[in-house]
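So you can see what is in the structure, the chains are spelled out below.
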Amino acid sequence: MRQSSLIDIISPVMVGPSSSHTAGAVRLGLLAKNVYDEPIEKITFKLYNSYAQTGKGHGTDKGLLAGVLGLAVDDIRIKDIFNSDIAQSIDYQFEYYNDFNRHPNAVDFIFEGQNKMQISGDSIGAGEIAIRKINEFSVKFTGKYNTLLLVYKDVTGMISKVSTIIQAENVNIASLHCDRSGKGETASMCICLDGELQKEAIDKIKEIDHLNMVRYVRKLGN
Amino acid sequence: MNINTFEELETVCSKTNKKIYEIAQENEAQKNDISVQEVRQVVKISLEAMKEAISAGLHSCEKSYSGMSGGDCKKLQEKFATKSSLLGVIFEKITTYALATSEENARMGKIVACPTAGSCGIVPSVLVSVAEEIQADEEEQINALITAGEIGRIISNKVQLAGAVAGCQAECGVASAMAAGALAQLRGENIDNILSAVALAMKNLLGLTCDPVCGLVEVPCIKRNPFLGIHAVTAYELASAGIKSLIPLDEIIDALEQTGQLMSPSLKESSQAGLAKTKTGIKMEKNFYSRV
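Below is a summary of the structure that appears in this document. (Residues numbered from 1 in each chain as written. Chains lettered and ligands numbered in written order. Predicted model: local features only at pLDDT ≥ 70, side-chain atom pairs only at ≥ 80, totals over all residues. Heavy atoms only, no water.)

Describing the overall build of chain A
Okay, so step 1: Helix and strand content of chain A: 6 helices and 11 strands.
Okay, so step 2: Expressed along its principal axes, the backbone C-alpha trace of chain A runs to roughly 50 × 35 × 35 Å.
Okay, so step 3: The buried share among the 222 residues of chain A stands at 56%.
Okay, so step 4: Counting only contacts in chain A whose residues sit at least 6 apart along the sequence, the fraction spanning at least 24 positions is 68%.
Okay, so step 5: Approximately 9,500 Å² of chain A is accessible, and the part contributed by carbon and sulfur atoms is 45%. (Helix = DSSP H or I, 4+ residues; strand = E, 2+ residues; numbered from the N terminus. Buried < 20%, exposed > 50% of the residue type's maximum accessible area, 1.4 Å probe, protein only. Contact = heavy atoms within 4.5 Å. Areas by Shrake-Rupley, 256 points an atom, 1.4 Å probe, with all protein chains shown as cover.)

Rendered as structure tokens:
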């Protein structure tokens, strides 16, 4: 069963007007940016359903951009982000869609820079969010846990190699989600952690053979 | 320990002879790997931000970006200054504090989502007004706010607290139920009566749709906040007399979930029906979108 937190219900302190459409959008932007973790040249936001229909009035577009630029949900610069200096550094655009197969408050981020990456997420209520997809892989994390993301060639023993390093750090695994494009092809692993992984452990993980991408995404502050 | 229903909460409270907030803060501390004191510190930050939002809202009549809201809180304060409320000071405070907070939210000011931004005026207006009038100290206010949070948490285990998912019953409706519980805690009611207050408040808001004009958190959201603040007081008054909901609280939450599922998507924050698509609602929408 889904377990929400008491503190989440009576927070965050945020800039209005909507927890799902403003604060949720900021947090989705922040988390997506942390996953991409490279200099951004261009970003396209695809907003779906309620995000597309009512987003403009709720400042959803402002929130998404502010998050990608690293602003927190209570930063009063969100209100006027399109005119702020920090927004002039990147090229951004918004697109609007209806797709009832998607969550009512869904968004795709298409990051372009040295690499291109598509990240999809939902704002699931009361400012809480979930990242559902990175490129073609399904993932599941919410910004509430430090999260390790891996993309690799689907070979035997990968989970064991990674979890051994995590175990040696005495960090507990809260959830583990794997996906792959096909047997022996590209696979992904999304590990939510109860504790903190030190840089040395992450470096050790990076040395494992057959890895294409390693990201350590810190949990969100608020 | 995992508490997923109000029945479980009640059982744990009576077994351990502890209050709802005691169980809730212990569980929250354990889940986040922090101390009870640290949980209370985070709650205190929310409480202080609520009071700041009230104060900011009471002193501002700046319009929102759309121009549809801003200024009503001032009107209400002026009215009460010359002609006091039939229902007394607490009624005056709840209605003005709720409007103050909600107007502040619409002008993209800083508020506390409790549980959501659209419902941000309800819990603070009830909690802060009553605390001021009965001179409850800060620890008591934190106890009440934790009680409200635990109520919202248990509901959200079953129903996502988003208008787009389950309508306004899951936002302002749940906020009013949380406020009723917080108020009952603040008044020193026992667990039975606290949960009765929650049940009575929630039960009488089932079916509330989310049909905001122009898709903005303004019409009807802002004025709905003072209404549902007072609704919470009604629930508390009945519950403290020992009046029970004949439908148990957990079953009311089941009904909330089912009603949300059955509610047309056009009435769930998509602004495709209801108030948003009245003759005047459509006109306001045209005006707004020709401007942005």
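Points about the overall build of chain B
Okay, so step 1: Helix and strand counts for chain B come out as 13 helices and 1 strand.
Okay, so step 2: Counting from the amino terminus, chain B carries its helices and strands in the arrangement α-α-α-α-α-β-α-α-α-α-α-α-α-α.
Okay, so step 3: Computed over the C-alpha atoms, the radius of gyration of chain B is 19 Å, within 12% of the 19 Å expected from 2.2 N^0.38 for a compact globule of 292 residues.
Okay, so step 4: Its C-alpha atoms give chain B principal-axis dimensions of roughly 60 × 45 × 40 Å.
Okay, so step 5: Considering chain B, the positive charge centre built from 28 side chains and the negative charge centre built from 35 side chains are found 9 Å apart. (Rg over C-alpha atoms; globule rule 2.2 N^0.38 Å. Lys, Arg positive; Asp, Glu negative; His and termini not counted. Charge placed at Lys NZ, Arg CZ, Asp CG, Glu CD.)

What about the environment of R218 of chain A?
Residues and elements named next belong to chain A.
Okay, so step 1: The residue R218 is located in the segment after β11 (211–217) in this model.
Okay, so step 2: Overall, the relative accessible area of 47% leaves R218 in the partly exposed class.
Okay, so step 3: In this structure the C-alpha to C-alpha distance between R218 and I81, which are 137 residues apart in sequence, comes to 24 Å.
Okay, so step 4: Apart from the residues within four sequence positions on either side, R218 is in contact with L31, N146 and E196.
Okay, so step 5: There is a polar contact of 3.2 Å between the side chain of R218 and the side chain of E196. (Polar contact = N/O pair within 3.5 Å; in protein donor to acceptor, adjacent residues only side chain to side chain.)

Let's talk about the packing of aromatic side chains
Okay, so step 1: Scanning the model with the defined rule gives 9 aromatic pairs over all chains in all.
Okay, so step 2: Note on F82 of chain A and F94 of chain A: the rings are 6.1 Å apart at their centroids and 75° apart in plane angle, and the pair reads as edge-to-face. Here the residue F82 of chain A occupies a position in the loop between α4 (60–68) and β3 (91–97), and F94 of chain A occupies one in strand β3, the gap between them amounting to 12 residues.
Okay, so step 3: Given the relative accessible area of 27%, F82 of chain A is considered partly exposed.
Okay, so step 4: Seen from their ring centres, Y65 of chain B and F288 of chain B are 6.4 Å apart, and the 90° between their planes marks the pair as edge-to-face. With a gap of 223 residues between them, Y65 of chain B in the loop between α3 (36–58) and α4 (72–82) and F288 of chain B in helix α13 (residues 279–291) connect regions that are remote in the sequence.
Okay, so step 5: Note on F288 of chain B: relative accessible area 5%, which makes it buried. (Phe/Tyr/Trp six-rings, centres within 6.5 Å; stacked < 30°, edge-to-face > 60°.)

Focus: the sheet that holds strand β2 (residues 42–48) of chain A
All names here are of chain A.
Okay, so step 1: As summarised here, the arrangement of the 6 strands in space is β3-β2-β4-β5-β6-β7, forming an open sheet in which the pairing is mixed. Whereas interior strands pair on both sides, the edge strands pair on one side only; in this sheet they are β3 and β7 (137–141). Shown here is a sheet whose adjacent strand axes are inclined to one another by a mean of 20°, direction ignored.
Okay, so step 2: Looking at chain direction, strand β5 (residues 116–125) and strand β6 (residues 128–134) are connected through 6 bridges and run antiparallel. Each bridged residue has a counterpart across the sheet, and for G125 the counterpart in β6 is E128.
Okay, so step 3: In the packing of helix α2 (residues 19–36) onto the sheet, contacts are made with β4 (106–112), β5, β6 and β7, and the angle to β5 comes to roughly 150°.
Okay, so step 4: Across the sheet, α4 lies against β2, β3 and β4, angled at about 140° from β2, the strand it touches most. (Pairing = 2+ DSSP bridges. Axes fitted to C-alpha atoms, helices over the stretch in contact; angles between N-to-C directions.)

Here we look at the state of the cysteines
Okay, so step 1: A complete count under the given rule lists 0 disulfides over all chains for this structure.
Okay, so step 2: Looking at the unpaired C61 of chain B, the closest cysteine sulfur is the one in C73 of chain B, lying at 9.5 Å. (Disulfide = S-S within 2.5 Å.)

Some words on the pairing of strand β10 (residues 186–193) of chain A
Residue and element names in this part refer to chain A.
Okay, so step 1: Here β10 lies mainly inside the structure; 7 of its 8 residues are buried.
Okay, so step 2: Bridge count for strand β8 (residues 146–153) against β10 is 8 bridges, and the pairing is antiparallel. Paired with K153 across the strands is T186, a residue of β10.
Okay, so step 3: Direction of pairing for strand β9 (residues 173–180) relative to β10: antiparallel, over a ladder of 7 bridges. The residue bridging L176 from the neighbouring strand is I191, located in β10.
Okay, so step 4: Where β9 folds back on β10, the antiparallel hairpin that results is connected by 5 residues, among which G184 adopts a positive phi of roughly 80°.

Observations concerning the sheet that holds β9 of chain A
Residues and elements named next belong to chain A.
Okay, so step 1: Taken in spatial order, the 4 strands line up as β9-β10-β8-β11 in an open sheet, and their pairing is antiparallel. Every interior strand has two partners, whereas the edge strands, β9 and β11, have only one. Across the sheet, the mean angle from the axis of one strand to that of its neighbour is 10°, orientation sign disregarded.
Okay, so step 2: The sheet contact formed by β8 and β11 spans 6 bridges and is antiparallel. The partner of T147 across the bridge, within β11, is V217.
Okay, so step 3: Of the strands in this sheet, β8, β9, β10 and β11 are in contact with helix α5 (residues 158–168), which crosses β10 at around 25°.
Okay, so step 4: Packed onto the sheet, helix α6 (residues 199–206) meets β8 and β11 and runs at close to 160° relative to β11.

By themselves, these are just geometric observations and shouldn't be taken as functional.
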